[in-house]
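Notes for the structure review
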Amino acid sequence: MTSRCPIEWEQIYDITIGYKHHCPSFLGNAFGVDPAEVHMHVRCISVADIPESENEAASWLMDTFCDKDELLSDFHSQGHFPREGIESELSMAKCLANFIFVMTLTAICTYLTLFSSIWFKIYVSSVCAFLATATYFNFRPSPIVSL
């Protein structure tokens with residue numbers, strides 16, 4: 001996995017996945033057939049670097065996908081992504097702490113959603129309805145607190 005990205009709040013992660021020997025099919029995934037070797041290339045893109053006009057953004061997006069095609073083509077010919085890291089570079093303590101945090105938060109939210117008072121269920125339903133509406137109508141509220 002390759003990733004070196006400064007911590008920013010407004011960024012996009014461009015992830016390219018390369019399968020070493022063969023790409024698993026949908027049925028292979030459904031039946032739990034694991035691919036032999038999976039490589040990931042992660043690139044951080046600042047939102048400020050993306051053009052705002054529709055035509056320029058479309059051109060930028062096409063260029064990005066051409067770069068991804070070239071990256072995958074090089075991966076299949078060389079067997080790895082450029083500047084590829086290895087799993088041992090990951091901190092086991094950080095990964096474990098993140099995993100425990102996410103699982104704890106998921107368990108708490110699941111418990112509160114299923115076994116809490118009606119007011120929490122109304123809150124969760126309202127938030128889901130708001131997010132669905134905001135996404136559909138492309139509504140972007142300004143943040144209350146700016147970091």
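Here's what I pulled together on the structure shown here. (Residues numbered from 1 in each chain as written. Predicted model: local features only at pLDDT ≥ 70, side-chain atom pairs only at ≥ 80, totals over all residues. Heavy atoms only, no water.)

In this section: the side chain of His 39. Mapped onto the secondary structure, His 39 falls in strand S2 (residues 38–46). Look at His 39 and you get buried, because its relative accessible area is 9%. Discounting residues that sit within four places of it in the chain, His 39 has contacts with Thr 16, Ile 17, Gly 18, Lys 20, Phe 75, Gly 79, Phe 81 and Glu 84. (Helix = DSSP H or I, 4+ residues; strand = E, 2+ residues; numbered from the N terminus. Buried < 20%, exposed > 50% of the residue type's maximum accessible area, 1.4 Å probe, protein only. Contact = heavy atoms within 4.5 Å.)

Here we take up a negative patch on the surface. Residues Asp 63, Asp 67, Glu 70 and Asp 74 make up a contiguous surface patch of negative charge. Secondary-structure assignment places Asp 74 in helix H2 (residues 54–78). Its relative accessible area of 32% is what places Asp 74 among the partly exposed residues. (Patch = residues over 30% accessible without salt bridge, like charges linked within 9 Å, V, L, I, M, F, W, Y side chains within 5 Å. Areas by Shrake-Rupley, 256 points an atom, 1.4 Å probe, with all protein chains shown as cover. Salt bridge = Lys/Arg side-chain N within 4 Å of Asp/Glu carboxyl O. Lys, Arg positive; Asp, Glu negative; His and termini not counted. Charge placed at Lys NZ, Arg CZ, Asp CG, Glu CD.)

To continue, consider the pattern of salt bridges. Pairing of side chains with opposite charge becomes possible as their charged atoms draw close. Under the definition given, this model contains two salt bridges. Asp 14 serves as the salt-bridge partner of Arg 43, at 3.3 Å between the closest nitrogen and oxygen. One end of the pair, Arg 43, is in strand S2; the other, Asp 14, is in strand S1 (residues 11–19), and 29 residues separate them in sequence. By relative accessible area, Arg 43 is classed as partly exposed at 32%. The exposure class of Asp 14 is buried, given its relative accessible area of 12%. The partner of Asp 14 in a salt bridge is Lys 68, and the shortest N-O contact between them spans 2.6 Å. Highlighted residues: Asp 14 in strand S1 and Lys 68 in helix H2, separated in sequence by 54 residues.

What follows concerns the packing of aromatic side chains. Applying the stated criterion across every chain yields a total of four aromatic pairs. Here Phe 120 and Tyr 123 contribute two aromatic rings whose centre-to-centre distance is 6.2 Å and whose plane-to-plane angle is 40 degrees, an arrangement assigned as tilted. One end of the pair is Phe 120 and the other is Tyr 123, both in helix H4 (residues 118–136) and three residues apart, which spans about a single turn. Taking the relative accessible area as the measure of exposure, Phe 120 reaches 22% and is therefore partly exposed. Taking 4.9 Å as the distance between ring centres and 85 degrees as the angle between the ring planes, the aromatic pair formed by Tyr 136 and Phe 137 counts as edge-to-face. Taking the relative accessible area as the measure of exposure, Phe 137 reaches 58% and is therefore exposed. (Phe/Tyr/Trp six-rings, centres within 6.5 Å; stacked < 30°, edge-to-face > 60°.)

Shape descriptors only; they carry no functional weight alone.
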